Amino acid sequence: LYRRLTEFNRILRWEDITPEKITQFDLWLHSIDKSSLTDAAVYNYHKNLKALLHRAEIFGKISRNPYGFLKFKRGDKESVEYLTEEEMKAFEDLKVPEGSQMAIAHDLFVFQMFTGLSYSDMQAFDLSLYRKIDGSWRYNGERIKTGVAYVSHLLPPAVAVLEKYNFKIPKLDNADYNFQLKALGLMAGIKIPLHSHLARHTFATWMLRN
């Protein structure tokens, strides 16, 4: 994104962040070679810039995020990968050495599979923000990355993970986490390379199926 903005060379200062300039940036991106920049690829630039400008608005660098006024074509999305229920169970049932980095990665992935939380939202997890309603923990909040509102409901497998760690999510660097997930996926006989975002897709698909 930084490289593309540098090439565009028309958004250089905070005062350049306007709906007009963002629209010009979109048109410029679409004028580049179509084989390398599809509608979906252009949309990803907008998604990342929107997230950065959301933080800029919070910190008072801009008065309002122009993406509140704009909407861009998402483009055709590639098929989403997710784990089947059989693969979910195979992963859950893995036996790994307790206290190891691999065990932490395993538990974090299970937690994500049954909450749908992103890596950053999971690492910022705080049970004190949740309320117990009808015997289950629930929270209405906003995503760290985008500020989008979401509802979190802690299902039993997620609660079981929390109980292991005294209701605090263990910290694990994202690169280390994804490295361990690759090994855990192989151990569970899962053909799809595992990564933290795959857990979100798995959660969404599992919820839709059920």
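Preceding this paragraph is the structure being described.
Below or above, wherever it landed, is the structure these notes cover. (Residues numbered from 1 in each chain as written. Predicted model: local features only at pLDDT ≥ 70, side-chain atom pairs only at ≥ 80, totals over all residues. Heavy atoms only, no water.)

## Observations concerning the overall build of the protein chain
Across its full length, the protein chain carries nine helices and three strands. Shown N-terminal to C-terminal, the secondary structure of the protein chain runs as helices and strands in the order α-α-α-α-α-α-β-β-β-α-α-α. With the principal axes as the frame, the protein chain shows a C-alpha extent of 55 × 40 × 30 Å. Buried positions account for 41% of the 210 residues belonging to the protein chain. The long-range fraction of contacts in the protein chain, counting pairs at least 24 apart against all pairs at least 6 apart in sequence, stands at 62%. Accessible surface, the protein chain as shown: approximately 12,600 Å² in total, 55% of it carbon and sulfur. (Helix = DSSP H or I, 4+ residues; strand = E, 2+ residues; numbered from the N terminus. Buried < 20%, exposed > 50% of the residue type's maximum accessible area, 1.4 Å probe, protein only. Contact = heavy atoms within 4.5 Å. Areas by Shrake-Rupley, 256 points an atom, 1.4 Å probe, with all protein chains shown as cover.)

## What about helix H4 (residues 85-92)?
Within H4, the full set of buried residues consists of Glu87, Met88 and Phe91. One side of H4 carries all its buried residues, which in axial view fall inside an arc of 105°. Facing away from the buried side of H4, by more than 90 degrees, are the exposed residues Glu86 and Lys89. Turning to H4, the residues buried within the fold contact helix H5 (101-113), helix H8 (174-187) and helix H9 (196-209). (Arc of directions from axis to C-beta.)

## Comments concerning the packing of H5 against H9
Running from N to C, H5 and H9 cross one another at 35°; their axes reach a closest spacing of 8 Å. The element H5 and its partner H9 pack so that their crossing is right-handed. Where H5 abuts H9, its residues Phe109, Gln112 and Met113 lie against Ser196, Leu198, Ala199, Thr202 and Phe203. (Axes fitted to C-alpha atoms, helices over the stretch in contact; angles between N-to-C directions. Left-handed = near helix turned anticlockwise from the far one by under 90°.)

## Quick notes on the nonpolar core
Judged by nonpolar contacts, the single largest core of 40 residues is most densely connected at Leu83, Phe91, Phe109, Phe111 and Met113. Elements with a contribution of two residues or more to this core: H4, H5, helix H7 (156-164), H8 and H9. Here this core takes nine residues from H5, the largest share from any one element. Filtering out sequence-adjacent residues up to four positions away, leucine 83 remains in contact with Met88, Phe109, Met113, Ile190, Ile192, Leu194, Leu198, Thr202 and Arg209. In terms of nonpolar packing, the next biggest core, distinct from the first, is built from 17 residues, Phe25, Leu29, Leu49 and Phe72 among them. (Core = buried A, V, L, I, M, F, W, Y, C linked by side-chain atoms within 4.5 Å.)

## Re H9
For H9, spanning 14 residues, the distance from its first C-alpha to its last is 21 Å, which sits close to the expected 20 Å at 1.5 Å a residue. As for H9, its buried residues are in contact with H4, H5, helix H6 (119-123) and H8. (Expected span 1.5 Å × (residues − 1).)

## Some thoughts on the sheet that holds strand E1 (residues 131-133)
Taken together, the three strands give an open sheet; going across it, the order is E1-E2-E3, and neighbouring strands pair in antiparallel fashion. Strand pairing shows two members of the sheet lacking a second neighbour, E1 and strand E3 (149-153), which therefore form its edges. Neighbouring strand axes in the sheet, compared pairwise and without regard to direction, differ in orientation by 30° on average. Alignment of strand E2 (residues 136-142) against E3, held across five bridges, turns out to be antiparallel. Counterpart to arginine 138 in the pairing with E3 is histidine 153. (Pairing = 2+ DSSP bridges.)

## A word on the pairing of E2
As judged from the three bridges shared by E1 and E2, these two strands associate in the antiparallel manner. For isoleucine 133, the partnering residue across the bridge sits in E2 and is serine 136.

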